[in-house]
Amino acid sequence: MCGIVGYVGRQRAASILLEGLKRLEYRGYDSAGLAVLQPGGLALVKSVGRVAALSKLAAARKLTGTTGICHTRWATHGGVTEANAHPHLSSDGRIVLVHNGVIENYIAIKKFLLTKGYTFTSETDTEVLCNLIAYHYAKETAPAAAQAAGVNPQPSESSRFLTSVRKTLLHVEGTYGIAVLCTECPGEMVAARKGSPLILGVGDQENLIASDVSALVSRTQSVVYLKDGELVHLTAGGFALSTLDLADVSPVIDKVTWDVNDAEMGAHAHFMEKEIFEQPTALENAMRGRFSADGSSANFGGLNLTPADFRTIDRFVFTSCGTGWHACLVAEHLIERFARIPVEVDYASEFRYRNAPLDRDALFFVISQSGETIDTLAALREAKRKGYKCMAICNVVGSTIAREADGGIYQHAGPEIGVASTKAFTSQLLISAMFALYVARMRDLSFAEGIEYVNGLKAVPDLARRVLEQAPHIKEIASRYSKYNDFLFLGRLSLFPIALEGALKLKEISYIHAEGYPAAEMKHGPIALISPECPSVFFVPKGELFNKVISSMQEIKARKGLIIAIAPDCVELPEGLADDVITIPDCHEAALPVLATIPVQLLSYYIACARGCDVDKPRNLAKSVTVE
Ligand code: F6R
């Protein structure tokens, strides 16, 4: 949430910053701003609305400076106004800052600063942070004053700047990823993080800072993932990393394995569409090199646990947020079904405060596309604090969750930019299915069943392609259903989480009220919603529950409800029962959630497009929720 970019180099900063900011817009898009240290002083440009609006304003200014910072905002403290947009400037005009996170003790600090004569023009916690740095900067002895007082060695403006940021951060409570400029230190920037992601991009005669690598990859693929409590001082020619308590840190420079083209929309209308259609490749990448040589099980190099360790585990606990939580529910179903090991699923935001009693030999898993979701990170830390080992299923390499987990599985789905998760979700489902197989083969799943399971998963990318071929048919259905304002999504067993996911996808991008329910629960309340104005999307299973689900559909039909059925191509639905049918290819049971998801992604996407919604940037949302 909120994206920041900073640049120090030899090129004009403004265009580089704006290009990076555009790539971070998925993190927040209610207002944006830019500050550049110019030869003639500081230039500050802010605008309510999208980065495009900011770019227009910036183009009208002559921004030649080579050091700058910028920000795209998702409001926490204070409404969406130009005054509340970042960067914030201290009231003495010396310090300018962008911030991602929340400063919890800002009221007390603000009161203190008011007594010292600092003034405020916004309602934000960030302006307080900015003025506190200015206060410490003013308090640090200026070089001229130090010379007059005979202080030796005299501090440079640069060390005075660095010290003031450090002293400020020692006083603040909360979370931050910040990039700070000082008008008296041209060509320098200080950045720091605690609880909000920040990545340093190491370039040739230029260095950058950003909330996400996607803002850096067009300039450099060499990055340093800052850790909580670290601070970096950047110039064009170099950088120095340290902790808040002054210990030097040797940087670990990582190479980003994807390039700028992976984060481009290409010929697609939206990132969400692109990412839906990238699923076959993302699914192939999730499986690559992860099946055992005998073809009957899965392998995960990064779990850092031996088969013997796994034998002692008597329960798994899966936590996540949003779509990731739906993936946890599928993991629960598959692990319990195939490996017969109990699984508990908790919302990360609840788990962290619930102080739930836990089994002695439980193994924790968190699932997070971004690896930065604050509640999921806190759940991981809580599990670790209690002495549990915690694994992570993450897409973003080097993310905080990936680094803090004891082991894990990278998704390799490539960058997911659309705010609504699509390819990351199906990749989480496939990895969960592989993990269920891995533990099942250590228990009772036979070699032959293992072979069948592996073959079933290997077929998924091609089967997903076949589902995607139905996009025109689904688009046509969407065009007829886009006028309705209430939907039910109904499924059973492993398809119940997919019903939840279908409802979430629809509501988040089209603002249609939608609810996901286990199909048989419908009679216990939700059936009251049924009318010709409230369509139901039914996930029809094959096998023993087929007739039960058909009965639920009959009950809807008897009440004149419209039905869209998503059904395997091997079953025959009673004539006239469903108003519309989307088929999915028959597949292995463990692959079913993946294939059943794709139609509801497409349905939601096309409905949102038909309603003229901003699919990639739905209102009030932002990807990567880094505030509580
Ligand atoms: C919905 C969606 C969110 C995320 C949730 C967790 O489409 O994307 O519900 O799933 O915010 O995000 P990650 O997986 O990054 O931790």
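Residues numbered from 1 in each chain as written. Predicted model: local features only at pLDDT ≥ 70, side-chain atom pairs only at ≥ 80, totals over all residues. Heavy atoms only, no water.

Here we come to the overall build of the protein. Summing up its helical and strand segments, the protein has 20 helices and 24 strands in all. At 26 Å, the protein has a C-alpha radius of gyration in line with the 25 Å of a compact globule built from 628 residues. Each of the 628 residues in the protein was classed as buried or not, and the buried ones make up 60%. Once local pairs closer than 6 in sequence are excluded, the contacts in the protein between residues at least 24 apart make up 71%. Working note: accessible area of the protein is about 23,300 Å², and carbon and sulfur atoms make up 51% of it. (Helix = DSSP H or I, 4+ residues; strand = E, 2+ residues; numbered from the N terminus. Rg over C-alpha atoms; globule rule 2.2 N^0.38 Å. Buried < 20%, exposed > 50% of the residue type's maximum accessible area, 1.4 Å probe, protein only. Contact = heavy atoms within 4.5 Å. Areas by Shrake-Rupley, 256 points an atom, 1.4 Å probe, with all protein chains shown as cover.)

In this section: the sheet that holds strand β9 (residues 199-202). Strand order in the open sheet made by the 8 strands is β3-β2-β4-β1-β10-β9-β11-β14, with antiparallel pairing throughout. Unpaired on one side and paired on the other, β3 (41-48) and β14 (254-255) mark the two borders of the sheet. Inspection of the sheet shows strand β2 (residues 31-38) paired to strand β4 (residues 67-73) by 7 bridges, in the antiparallel sense. Looking at the pairing, Leu34 lines up with Cys70 of β4. Here helix α2 (residues 51-59) sits on the sheet in contact with β2, β3 and β4, set at roughly 140 degrees to β3. (Pairing = 2+ DSSP bridges. Axes fitted to C-alpha atoms, helices over the stretch in contact; angles between N-to-C directions.)

What follows is about unusual backbone geometry. A cis amide bond links His86 to the next residue, Pro87, at an omega of -5 degrees. When you line up the elements, Pro87 lands in the loop between β4 and β5 (88-89). Positive phi, close to 70 degrees, is recorded for Asn620, a residue that is not glycine. In this fold, Asn620 is placed in the segment after α20 (592-610).

Considering the arrangement of structural elements, one finds Gly68 in strand β4. Beyond its immediate chain neighbours, meaning those up to four positions away, Gly68 contacts Val5, Gly6, Tyr7, Ala13, Leu17, Ala35, Val36, Leu181 and Met189.

Moving on, we come to the nonpolar core. Judged by nonpolar contacts, the single largest core of 97 residues is most densely connected at Phe310, Phe316 and Ile335. Top contributing element to this core by residue count: helix α14 (residues 423-442), with 13 residues. Filtering out sequence-adjacent residues up to four positions away, Phe316 remains in contact with Phe310, Ile335, Ile341, Pro342, Val343, Glu344, Leu363, Phe365, Phe435 and Val439. The next biggest cluster of nonpolar side chains, apart from the first, holds 37 residues, and it includes Ala13, Ala14, Tyr225 and Val260. (Core = buried A, V, L, I, M, F, W, Y, C linked by side-chain atoms within 4.5 Å.)

Now for the site of the ligand. Every one of the 13 residues lining the ligand counts as a neighbour, but Ser368, Gln369, Ser370, Thr373 and Glu508 are closest to it. In the environment of the ligand, an oxygen atom lies 3.1 Å from a nitrogen or oxygen atom belonging to the backbone of Thr323. Protein contacts shield 88% of the accessible area of the ligand, which totals 410 Å² for the unbound molecule. At the level of elements, α10 (322-339) and α18 (496-510) are the ones that each hand at least two residues to the shell around the ligand. It is α10 that provides the largest number of residues to the shell around the ligand, a total of 3 residues. Its residues assigned to classes, the shell around the ligand shows 3 nonpolar, 8 polar and 2 charged. (Near = heavy atom within 4 Å. Polar contact = N/O pair within 3.5 Å; in protein donor to acceptor, adjacent residues only side chain to side chain. Nonpolar A, V, L, I, M, F, W, Y, C, P; charged D, E, K, R; others polar.)

On inspection of all chains with the given rule, the structure shows 18 aromatic pairs. Centroid distance Phe318 to Phe365: 4.8 Å. Interplanar angle 5 degrees. Geometry classified as stacked. Of this pair, Phe318 sits in strand β15 (residues 315-320) while Phe365 sits in strand β17 (residues 362-368); the two residues are 47 residues apart in sequence, bridging distant segments of the chain. There is no split in this pair, since Phe318 and Phe365 are both buried. Note on Phe338 and Tyr453: the rings are 5.0 Å apart at their centroids and 75 degrees apart in plane angle, and the pair reads as edge-to-face. Residue Phe338 is found in helix α10, and its partner Tyr453 is found in helix α15 (residues 447-458); the two are separated by 115 residues along the sequence. Among the aromatic residues, those joined into a cluster by ring pairs are Phe300, Phe310, Phe316, Phe318, Phe365, Phe435 and Tyr438. A cation over a ring is seen here: Lys110 above Phe120, with NZ or CZ 5.0 Å from the ring centre. (Phe/Tyr/Trp six-rings, centres within 6.5 Å; stacked < 30°, edge-to-face > 60°. Lys NZ or Arg CZ within 6 Å of the ring centre and 35° of its normal.)

Before going further, it helps to spend a moment on the domain arrangement of the protein. Domain annotation for the protein reports domain 1 (3-259), domain 2 (265-458) and domain 3 (469-616). Relative to domain 2, the C-alpha centre of domain 1 lies at a distance of 35 Å. If you look at the interface, domain 1 gives 11 residues, while domain 2 gives 10 residues. A buried area of about 880 Å², summed over both sides, lies between domain 1 and domain 2, and 60% of it is on carbon and sulfur atoms. Considering only the surface of domain 1 that becomes buried against domain 2, Tyr26, Tyr225 and Trp258 emerge as the three largest contributors, covering 43% of it. The tally of links between domain 1 and domain 2 comes to 1 salt bridge. Salt-bridge contacts for Arg381 lead to Asp228; the nearest nitrogen and oxygen are separated by 3.1 Å. When its residues are assigned to classes, the side of domain 1 that touches domain 2 shows 6 nonpolar, 2 polar and 3 charged. (Domains from an automatic or database assignment. Buried area = accessible area lost by both parts, 1.4 Å probe. Salt bridge = Lys/Arg side-chain N within 4 Å of Asp/Glu carboxyl O.)

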